[in-house]
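One letter stands for each residue in the lines below.
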Amino acid sequence: MFGKYELNMKGTHLGEFEELILLMVGILDGDAYGISILQEIEEQTGRTVTVSTIHTALYRLEEKGFVSSYVGGASKERGGRSKRLYRITSDGRATLENARTLRDKLWNLMPKA
Amino acid sequence: MNPPKYIIWLLDHLLKEIYADEIIGDLYEWCDLRSPNSTYKQMHFYALKVLFGSFRLRKLKSTQNILKGLTNSTMANNQLRMSVKALLNNKLFTAINLIGLTISFTAFIFIYSYISYEKSYDQFHSKKENIYRVIKNYKESGEMVRSTPSPLANAFLQQFDGSIQFARFGQDPVVSSIGKNNYYEENFYWGDSSIFTTFTIPFKYGDPENVLKGPNSVVISASTAKKYFGDINPVGQTLQIKVYDGNADYGLKIDGVFEDLPANSDLPFELVGSIQNAFDLYKQFNNHWGFNWLHTYAVIQESDLSRIQAGIPLIIEEALGPDNISKISFYFQPLKEVHLYSNEISGSRTTGNIDYVITLSFIAIAIIIIAAFNYLNMMASTVNKRRKYVAINKILGAGKRELFSQFILESLLAVSIAFGVGIVLTFVLWPFYQSLIAKPIPIDTIYQLSSIGIYLLIILSTCLIASLQPAFILSKIKGNTSAIRNNIRQKLKFQRILVATQFAIAVFLICGTFTIYKQVQFAVSESLGFDSDQLVSIKVEDRSLQSKITDIKNELLSIPGVQMATLSGESLPSEMNNTDLMYWNEDSKNHPVAIHEVSADHNFFDLLDIRFLTGRSYLANNLYQENSEVVINEAAKDLLGINFEINQEIFIGQVPHKVVGVVENYHYNSFKSKIEPVVYFQTKAGSRLSYDNIIVRVAGSDISQTLGGMEKVWKSFAPDEFFTFYFVDQTFDNLYTSDQKFLSQFSVFAGLGILITCLGLLGMILFMADQRAKEISMRKVLGSTRYGILQLIFKQFALYIGFGLLIGLPSAIYFSKIWKEQFVYQIPFNILDAIVPSIVVILISILTIGRSALKISSTNPIKYLRNE
């Protein structure tokens, strides 16, 4: 039920965590997958998150059409499992920019301290 | 370092393929990344977090795909798939079945753990196989008594030294003082040092081999030690005690502290003082064979047992003379029987009852049978629906064996699911069950190794009961076109017997609950033969205080609200601790009979409202001595025969007395024990029989103020003593606590049994609605009225109910008769006991099937006929 609702609202809403993930996917530029995002978040913000939360956010972003994914190569340290790489779509980029504009606008309205 | 294998395995099997690689790969990489600076435990924890984080429905495979991945063999896989499909196909029936099975398994696990707990009493002693409790047996009356005389052990040791060892202990409530604090210790026992080598009781401080070796020593339980001294080791300290009965003070050196006895032990002691003190204190009783106060346990090798038993008459002869060989004997009760098989033994405080265990196991099995029959019925009902499936499978080459195992597998799956849910439910409901039976059964009784064997057995047998017959029928269907097209003519006889059996069990359960309820109610509410309302009993333990008991009584009378007060040597309910021999003529002199002795003040009968059959109470100044006046009860009068007359002379312990009155029998103890011959007389302080209870009848609205006044009076006599009192009617009710607990258990499980029967009924009627829809529609078209249809439906169920009543009622009445036998005084059988449960069963069935029956009878025939 909730999923349907989200699909209908496609493109209109971006949660805080989703925005963070989306930014990371953008920063990593084609090399974004669970672990690389996790490391990037830790490096940039100091937040610790579990892989599965990142996965969940990625699936949701993909459902909304903000990221696209393709299967990448397997390696020994992955136990021979292939990885799934994510890339930001133009839709995603536009949503990020929207969010940023909105935020800038609001910042300008804030009285100077 | 790699993530735990089982987590990978679970993820692999549970996640959809498109997610599995990504998640598992990331997990691997993460572990690789972190392994330099985390422990395995941290890693494991993290992997678990990932596992649970991944359990979002969208990421999971469908049930069928999971099962597919789990089974490698194509056939087994196919069979499982078909089983799941079959279960899902008939969602309603499956739900009814699973709910029924789950409830029955939950009930089973509860009852099973209760029973195994009851059986575990005192089974933790390493010498349990060789420990026996010595029971005194009065051969003529068949009475068995737990208390044994003091010289018993020595007499046995003289004859059989080396092949028998004794551990004895006897209760003697004391007040112990630590600094300024006084504690009343009811469970103080004098005991042999061998107690702690006979029984396996771990010690917190001290050495069990080396305690109570000399006089003036004591061993206390860990919780007592904590109460007295806190957490320090108290060994070597001195404990001041004041012995009420002996009117003596001792300083006892603490030899050791034993761990608290577990709840599943019947051993009663919390403090054990050296028995040598008791022998000094009560010297006059040491060689007194008539003074029974010790619990005696013996350690005997099995090979010596029969030899020792054969020697008992010789010991009796030496100690009590040849006359007593035919009267008194001793019996060695094995320790494993002490908890459950002691109801006949008076003074045994064990709470177990083998009858309860047997009844509950019967209920457990009955409930499982009802649920299994439900399953069987519904399987059998769907035979025709499955016919096509079977026939086509046969045509495609399936063998009888594959089909057979497929149906067995299907029910095994259902039963296992139900059992799994049952276990979870048991865990959830455990606290409620504990409070229902008021026993602290540890929850790990559920998953002991021995229990798991029983569980497997019950799962398999339920599965076989439930599916063997339909599996046979179905696998026999031939693989040809006629089997596809034509219905199998089912033999409904078998099914009918099943439903009738379920009804019989339901009737039995309701009727049983009803009888037990009525008997317990009867015991609680029936007149005791005296007026127990507003009676307060005060125990006077202290010997020196007992000498002032008349003064205390007189003082109490001055309190407003105290109507009357009297004195007695027995509390109410009475244990009847003193017994002597009585004779009344030459004939009976050679065969004297036992009679209980009670010292009671002259107004005792008046206060309790006990009626005199004939005669009067003794006079106030009449004290117990030669030729003094006594009162006897009806039971004693019956012994004297029809020639009895007032002022007849009787001899008690060879001293002549004059019977001035006979009182009606009254229940001085529970309805489970017989009213025995009793003689009443007045004594003065200091004798063995002297008064140690003040019984007061209070009146007025402000009971608590009256009690407060009484306490004040008490404190003026004994500033250091506790004022302990109780209401007589409450203590009488408490005699039936275990019966009431049993009643609540029985009725809960009976209720569950009936619930499952109703579920089955519901399934039956729904199935009938489905199967006979066309037939009923045709009947309606042909002119049958709604009423006629209802009649048709109810006629069938009436048959089941009638049959169930026919079998269930007599067996329930028989059970009630046996169950009531533990009560000497029973509520007589009333025809209503059979009618009321029958009506209840009929009403419940009508309520269950009524709605569906109405619906069937009022459907529009068009709905079912238009396709033809």
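Residues numbered from 1 in each chain as written. Chains lettered and ligands numbered in written order. Predicted model: local features only at pLDDT ≥ 70, side-chain atom pairs only at ≥ 80, totals over all residues.

**Some details on the overall build of chain B**
So, step 1. Across its full length, chain B holds 31 helices and 26 strands.
So, step 2. If you line up chain B on its principal axes, its C-alpha atoms span 105 × 85 × 60 Å.
So, step 3. The 868 residues of chain B split such that 38% are buried. (Helix = DSSP H or I, 4+ residues; strand = E, 2+ residues; numbered from the N terminus. Buried ≥ 20, exposed ≤ 12 C-beta atoms within 10 Å, placed from the backbone.)

**Observations concerning the domain arrangement of chain B**
Residues and elements named next belong to chain B.
So, step 1. Taken domain by domain, chain B holds domain 1 (1-61), domain 2 (64-121 + 353-488), domain 3 (132-346), domain 4 (491-526 + 738-868) and domain 5 (542-720).
So, step 2. Using only C-alpha atoms to locate each centre, domain 4 and domain 5 end up separated by 54 Å.
So, step 3. The interface is formed by 5 residues belonging to domain 4 together with 5 residues belonging to domain 5.
So, step 4. For the side of domain 4 that touches domain 5, a count of residues per class yields 4 nonpolar, 1 polar and no charged. (Domains from an automatic or database assignment. Contact = placed C-beta atoms within 7 Å. Nonpolar A, V, L, I, M, F, W, Y, C, P; charged D, E, K, R; others polar.)

**Here's the deal with the environment of F45 of chain B**
So, step 1. For F45 of chain B, the position within the fold is in helix α3 (residues 40-54).
So, step 2. In this structure, the C-alpha to C-alpha distance between F45 of chain B and P3 of chain B, residues 42 residues apart in sequence, is 9.9 Å.

**A look at the interface of chain A and chain B**
So, step 1. Contacts between chain A and chain B engage 15 residues on the former and 18 residues on the latter.
So, step 2. Per-element accounting of the side of chain A that touches chain B gives the leading share, 5 residues, to helix α4 (residues 51-64) of chain A.
So, step 3. A class-by-class count of the residues in the side of chain A that touches chain B yields 2 nonpolar, 8 polar and 5 charged.

**Observations concerning the pairing of strand β21 (residues 629-633) of chain B**
All names here are of chain B.
So, step 1. Most of β21 is tucked away, with 5 of its 5 residues classed as buried.
So, step 2. Side-chain alternation along β21 places E629, V631 and N633 on one buried face and V630 and I632 on a second face that is also buried.
So, step 3. Summarising the sheet, β21 and strand β23 (residues 655-663) pair through 5 bridges and their orientation is parallel. Note on β23: the bridge partner recorded for V630 is V659.
So, step 4. Sheet topology places β21 next to strand β24 (residues 678-681); 2 bridges connect them, and they run antiparallel. The partner of V631 across the bridge, within β24, is Y680. (Pairing = 2+ DSSP bridges.)

**Here we look at the nonpolar core**
Residue and element names in this part refer to chain B.
So, step 1. Counting residues in each nonpolar core, the largest one holds 89 residues, and the members touching the most others are F108, I111, I367 and V507.
So, step 2. For this core, the leading source of residues is helix α14 (residues 354-381), giving 17 residues.
So, step 3. Split by domain, the residues of this core number at least three in each of domain 2 (64-121 + 353-488) and domain 4 (491-526 + 738-868).
So, step 4. Apart from residues no more than four positions distant in its own chain, V507 is found in contact with G804, L805, G808, L809, A812, P837, S838 and V841. (Core = buried A, V, L, I, M, F, W, Y, C linked by C-beta atoms within 7 Å.)

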